[in-house]
Protein chains: 2
Amino acid sequence: MSDAVDVGVALLGYGTVGSSVDRLLVDGADEIERATGHRLRVVRALVRDAGKERGFTARDGVLTTDFAAVRDDPDVDVVAEVMGGVEPTGEYVLELLRAGKSVVTANKQLVARRGAELFAAASEAGVQLRFEASVCAAIPVVKVLRESLVVSNVHRVLGIVNGTTNFMLSTMERGGTYAEALAEAQRLGYAEADPTDDVSGADAAAKMAILATVAYGSRVTIDEVECRGIEEVEPALVRAADELGMVVRLVGIATLADEKVDVRVQPALVDRAHPLAAVDGAFNAVMLQGDAIREITLEGPGAGGIETASAVVADLVSVVGTTGTGFLQNDACWRELDRLPPGEWESPFYVHLEVADRPGVLAHAASRLASHDVSVAQLVQRLGEGEATIELVLHQAPLRSVTDALAEIAALPEVLRVPFPLPVITERPL
Amino acid sequence: MSDAVDVGVALLGYGTVGSSVDRLLVDGADEIERATGHRLRVVRALVRDAGKERGFTARDGVLTTDFAAVRDDPDVDVVAEVMGGVEPTGEYVLELLRAGKSVVTANKQLVARRGAELFAAASEAGVQLRFEASVCAAIPVVKVLRESLVVSNVHRVLGIVNGTTNFMLSTMERGGTYAEALAEAQRLGYAEADPTDDVSGADAAAKMAILATVAYGSRVTIDEVECRGIEEVEPALVRAADELGMVVRLVGIATLADEKVDVRVQPALVDRAHPLAAVDGAFNAVMLQGDAIREITLEGPGAGGIETASAVVADLVSVVGTTGTGFLQNDACWRELDRLPPGEWESPFYVHLEVADRPGVLAHAASRLASHDVSVAQLVQRLGEGEATIELVLHQAPLRSVTDALAEIAALPEVLRVPFPLPVITERPL
């Protein structure tokens, strides 16, 4: 094989991910040439401080602090954006696309917030913008959705797309409080000192917005994702789930029903027999359900420097391998779909009631549910001292019917507390 | 979008899969045009009897019983082989490739047996031969291995790649004999009247040969796969596994170690916490372990007409989307790797001994294992009437050391029976 540089790659950023991309391109040069017929090499890397020590040493003259030197370098054919942030990153990416350079990005916030503008610029310039690494790192869910499932009519995407919260909830299953699980996640480096982005569901919401956009061909922004974090998950809920043969997980659910889209991230009860319940610790998994494929699940590490770099390299290879063909170079969005009113979203639900231990309370609650056409699949009542808890698993029903019935139940004098209803995810419909 | 036929597709075969491909191309024409810029339409379909009733009615003039009419039709750009069998299918595919037509095949026997010859013909003619549908139907494991994991140095592929045996072993877990599980699989249509191909492991061996070839870039034929079926799996083994927190599964294992390849299919004990243990009934799953990705698991339906057709269409789309680029048009094989001598293959193993209940037998067995440097991770002894069973889980060791020790143990007078050792698959190394 020749040693010529056919394709010049620039990196925006040369931190953990960027230097790993450089190393993978060097170590995997032969594999890439076999796949694409081309040799890829990093010729420019934009950094803030060119003198800083780095894990993988860039070749002389590659590091630069001057964005214009990257944008205007005629040897740069394709750029990998691995610096993160929305500003000035978004402007850089726009300028690069307009300068006729294809871009690969690992930046979920950028894609989830400024996707419309960026893809329009790419289409106008006739170049590609790829973003596999922006969702679940090395798990190739974007490629599978866009290429392998092109005619599968995917109508539901279920995802465990945040490893921090999955680790924390798995930890709580073995006993312990939310605070203890968070401390353990921080100790092991799974959670940041400020864990808000993970535990609030915001990180998962950005990923689900991108996945829904790709799956349904209609732009979904992060602000349109119904989002609830795991801060309210208590050990009692984890134990109650366990007794029902389920686990509590932060689940992203993107639904296409009657040409309307619903995307949400929230704690849910997942049946132990369901593939998502088996997702271990900090791993991620995405389940794609469609007409022609029933369901396909992809599972793997959803974060990490080398894992993210692996997805960036795969995108670079795909850009090189499809340039000039028209293959997947258009925006993934081609239609505008209405949003499903959140109350019309349907699911089986789990509800936990705390009630005074008085005769008739169960009958009252059941009649309120029945009056909203919500039927009960499973019921467990437990007695405490003068108090009782009632655990209900409800058959599939619109969210609005469940919340309306619960509002009436909460108004009953013997009902002490009604937390929010959690969706229940099972193998077979409830 | 225009209504022009840009790309003419021919089908070899118009049964369940072929007619589903036709339907998916019609129903998904807009999706495909958005992805590739082209409209695909079936213009020819080779059948044995053009008058037969079909699930999806082909347009007039499409069905033909004359292979030459397909091969010589200038409107045919790409061909999907969905007729099955090795002869005359292999000759047809060769002729088509030589005539300059790219081919997509769903035929694992053809790829596993005649791959070398077919890929050479494709390379020589400068056309593509794709085979996603030949392994695990709609699960896009070939595309993920070749494109997404191009620089990941995959070194281990674990697969549950036969749904029939997975269903049968799952069924035996809930009680019942091998014969009962087979009858149930036949009743539900998961097993053929003659189940040999599934239960002997031959079907799984063909798939593992193809996966190993793609993963390691070195041709592995079906005859090189060490293969043992599930016919010897008894309820006692399933129960013993259960007591160890494991399940019995037919597992394909392809290993690359020190630039040597080992591919095997055999019953194994899989830890309940391992993702492969959660694979439900007739589903398939493939786990890919590599340097840059740790492990990625893909799970889904491994068989079925529409599921297979979905993968065929994805390959057609990929052919159209990459023609003219050099992307993945070469053979997946680029090197010749030696085979690992089977005895050097290493794994943790499970061993079940039936012994006379006499003092010292355990010590004798343990000393035989120790003399071959095989150490015991877990031991359960159970007493019957004058007899006892000893269940051993052994730490990772070369297969040869284990079989040599077991041969010595079998020769002890108090040992009644020593079945073959089963590999043990756990999340964490034993």
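Residues numbered from 1 in each chain as written. Chains lettered and ligands numbered in written order. Predicted model: local features only at pLDDT ≥ 70, side-chain atom pairs only at ≥ 80, totals over all residues. Heavy atoms only, no water.

Caption draft 1: Expanded view of the overall build of chain A. Helix and strand content of chain A: 14 helices and 18 strands. Against the globule reference of 22 Å for 430 residues, chain A gives a C-alpha radius of gyration of 24 Å, in line with a compact fold. Along the longest, intermediate and shortest principal axes, the C-alpha atoms of chain A span 85 × 45 × 35 Å. A burial count over chain A gives 59% of its 430 residues as buried. In chain A, once contacts between residues fewer than 6 apart in sequence are set aside, the share between residues at least 24 apart is 73%. Surface exposure of chain A reaches about 16,200 Å², of which carbon and sulfur atoms provide 47%. Side chains of chain A give 38 positive and 64 negative charges; the mean places of these two sets differ by 2 Å. (Helix = DSSP H or I, 4+ residues; strand = E, 2+ residues; numbered from the N terminus. Rg over C-alpha atoms; globule rule 2.2 N^0.38 Å. Buried < 20%, exposed > 50% of the residue type's maximum accessible area, 1.4 Å probe, protein only. Contact = heavy atoms within 4.5 Å. Areas by Shrake-Rupley, 256 points an atom, 1.4 Å probe, with all protein chains shown as cover. Lys, Arg positive; Asp, Glu negative; His and termini not counted. Charge placed at Lys NZ, Arg CZ, Asp CG, Glu CD.)

Caption draft 2: Examining the confidence of the model for chain A more closely. Within chain A, residue pLDDT values average 91, and 97% of them lie at 70 or more. Across the interface, the model reports ipTM at 0.90; the global pTM reads 0.92. (pLDDT = per-residue confidence, 0-100.)

Caption draft 3: Summary view of the relation of the copies chain B and chain A. Superposition of chain B onto chain A requires a rotation of 180 degrees combined with a translation of 0.0 Å along the rotation axis, giving an RMSD of 0.0 Å. What the superposition gives is, in effect, a two-fold axis relating one chain to the other. Minimal C-alpha distance to the rotation axis in chain B is attained by Leu298(B), lying at 2.3 Å. Both copies contact each other with a shared surface, as 100% of the interface residues of chain B are interface residues in chain A too. (Least-squares fit on C-alpha atoms with pLDDT ≥ 70 in both.)

Caption draft 4: Expanded view of the sheet that holds strand 5 (residues 102–105) of chain B. Residues and elements named next belong to chain B. In spatial order, the strands read 3-2-1-4-5-6; together these six strands make up an open sheet with parallel pairing. The open sheet has two edge strands with one neighbour each: strand 3 (63–64) and strand 6 (129–130). Strand direction decides the pairing type here: strand 1 (residues 7–12) and strand 2 (residues 40–46), joined by six bridges, are parallel. If you follow Leu-11 over to strand 2, its bridge partner there is Ala-45. (Pairing = 2+ DSSP bridges.)

Caption draft 5: The arrangement of the nonpolar core in detail. Ranked by size, the top nonpolar core spans 170 residues in total, and within it Val157(A), Leu269(A), Val157(B) and Leu269(B) carry the most contacts. Setting aside its immediate chain neighbours within four residues, Leu269(A) contacts Leu237(A), Ala241(A), Leu244(A), Met246(A), Val247(A), Val248(A), Tyr350(A), Leu422(A), Pro423(A), Val424(A) and Ile425(A). (Core = buried A, V, L, I, M, F, W, Y, C linked by side-chain atoms within 4.5 Å.)

Caption draft 6: Just the pairing of strand 1 (residues 7–12) of chain A, in detail. Residue and element names in this part refer to chain A. Counted residue by residue, strand 1 has six buried out of six residues, so it is predominantly covered. What you see with strand 1 is no split at all: Val-7, Val-9 and Leu-11 on one side and Gly-8, Ala-10 and Leu-12 on the other are buried throughout. Of the strand pairs in this sheet, strand 1 and strand 4 (residues 78–81) are connected by four bridges, and their pairing is parallel. Bridge pairing in strand 4 places Leu-12 opposite Glu-81.

Caption draft 7: Summary view of the environment of Val9(B). Position of Val9(B) among the secondary structure elements: in strand 1. Residues Val9(B) and Val86(B) lie 77 residues apart in sequence; the distance between their C-alpha atoms is 22 Å.

Caption draft 8: Examining the pattern of salt bridges more closely. Under the counting rule described, the total for this entry stands at 60 salt bridges over all chains. Two residues, Arg339(B) and Glu224(B), come together in a salt bridge whose shortest N-O distance is 2.6 Å. Placement of Arg339(B) in strand 13 (residues 338–339) and of Glu224(B) in the loop between helix 10 (202–216) and strand 8 (226–227) is noted, with a sequence separation of 115 residues between them. The class for Arg339(B) is partly exposed, based on a relative accessible area of 28%. Accessibility expressed as a relative area gives 33% for Glu224(B), which makes it partly exposed. Note that Arg417(B) is salt-bridged to Glu234(B), the shortest N-O span being 3.7 Å. One end of the pair, Arg417(B), is in strand 17 (residues 415–417); the other, Glu234(B), is in the loop between strand 8 and helix 11 (235–243), and 183 residues separate them in sequence. One connected set of salt bridges, linked through shared partners, spans Arg130(A), Lys143(A), Glu147(A), Arg130(B), Lys143(B) and Glu147(B). (Salt bridge = Lys/Arg side-chain N within 4 Å of Asp/Glu carboxyl O.)

Caption draft 9: Structural detail: the packing of aromatic side chains. If you walk through the whole model with that rule in mind, you get eight aromatic pairs over all chains. Across from the ring centre of Trp345(B), 4.2 Å away, lies the NZ or CZ of Arg264(B), which sits over that ring. (Phe/Tyr/Trp six-rings, centres within 6.5 Å; stacked < 30°, edge-to-face > 60°. Lys NZ or Arg CZ within 6 Å of the ring centre and 35° of its normal.)

Caption draft 10: Layout of helix 5 (residues 108–125) of chain A. Residue and element names in this part refer to chain A. The first and last C-alpha atoms of helix 5 sit only 22 Å apart over 18 residues, clearly below the 26 Å expected at 1.5 Å per residue. The sharpest bend along helix 5 reaches about 85 degrees and sits at Arg-114. Buried within helix 5 we find Gln-109, Leu-110, Val-111, Ala-112, Arg-114, Gly-115, Leu-118, Phe-119, Ala-121 and Ala-122. Close packing links the buried residues of helix 5 with strand 4, helix 4 (89–98), strand 5 (102–105), strand 6 (129–130) and helix 10 (202–216). Capping the start of helix 5, Asn-107 holds a side-chain oxygen 3.4 Å from the backbone nitrogen of Gln-109, two or three residues further along. Immediately beyond the C-terminal end of helix 5, within one or two residues, lies Gly-126, with a positive phi of roughly 70 degrees. (Expected span 1.5 Å × (residues − 1). Bend = angle between axes of the 7 residues up to and from the residue. Polar contact = N/O pair within 3.5 Å; in protein donor to acceptor, adjacent residues only side chain to side chain.)

Caption draft 11: Broad picture of the interface of chain B and chain A. Taken together, the contact pairs 51 residues of chain B with 52 residues of chain A. Of the roughly 4,400 Å² buried between chain B and chain A, counting both surfaces, carbon and sulfur atoms make up 58%. The interface formed by chain B and chain A contains four salt bridges. A salt bridge links Glu147(B) to Lys143(A); the nearest nitrogen and oxygen atoms lie 2.4 Å apart. At the boundary of chain B and chain A, one finds eight residue pairs in polar contact (both at pLDDT 80 or more). When residues of the side of chain B that touches chain A are traced back to their parent elements, those giving at least two are helix 2 (29–36), helix 6 (141–148), strand 12 (294–301) and helix 12 (305–322) of chain B. Ranked by the residues each element gives to the side of chain B that touches chain A, the list is headed by helix 12 of chain B, at nine residues. Residues belonging to the side of chain B that touches chain A are distributed by class as follows: 25 nonpolar, 15 polar and 11 charged. Two elements, strand 12 (residues 294–301) of chain A and strand 12 of chain B, share three bridges in a ladder whose sense is antiparallel. (Buried area = accessible area lost by both parts, 1.4 Å probe. Nonpolar A, V, L, I, M, F, W, Y, C, P; charged D, E, K, R; others polar.)

Caption draft 12: Molecular detail of helix 1 (residues 16–27) of chain A. The end-to-end C-alpha distance of helix 1 of chain A, which contains 12 residues, comes to 16 Å, matching closely the 16 Å that a straight helix rising 1.5 Å per residue would cover. Residues of helix 1 of chain A that are buried sit in contact with strand 1, helix 2 (29–36), strand 2 (40–46) and helix 12 (305–322) of chain A.

Caption draft 13: Structural context of the sheet that holds strand 6 of chain A. Residues and elements named next belong to chain A. Reading across from one edge, 3-2-1-4-5-6 is the order of the six strands in this open sheet, with parallel pairing throughout. In this open sheet, the two edge strands, each paired with only one partner strand, are strand 3 (63–64) and strand 6. Relative to strand 5, strand 4 runs parallel, the two sharing four bridges. Bridge pairing in strand 5 links Glu-81 to Thr-105.

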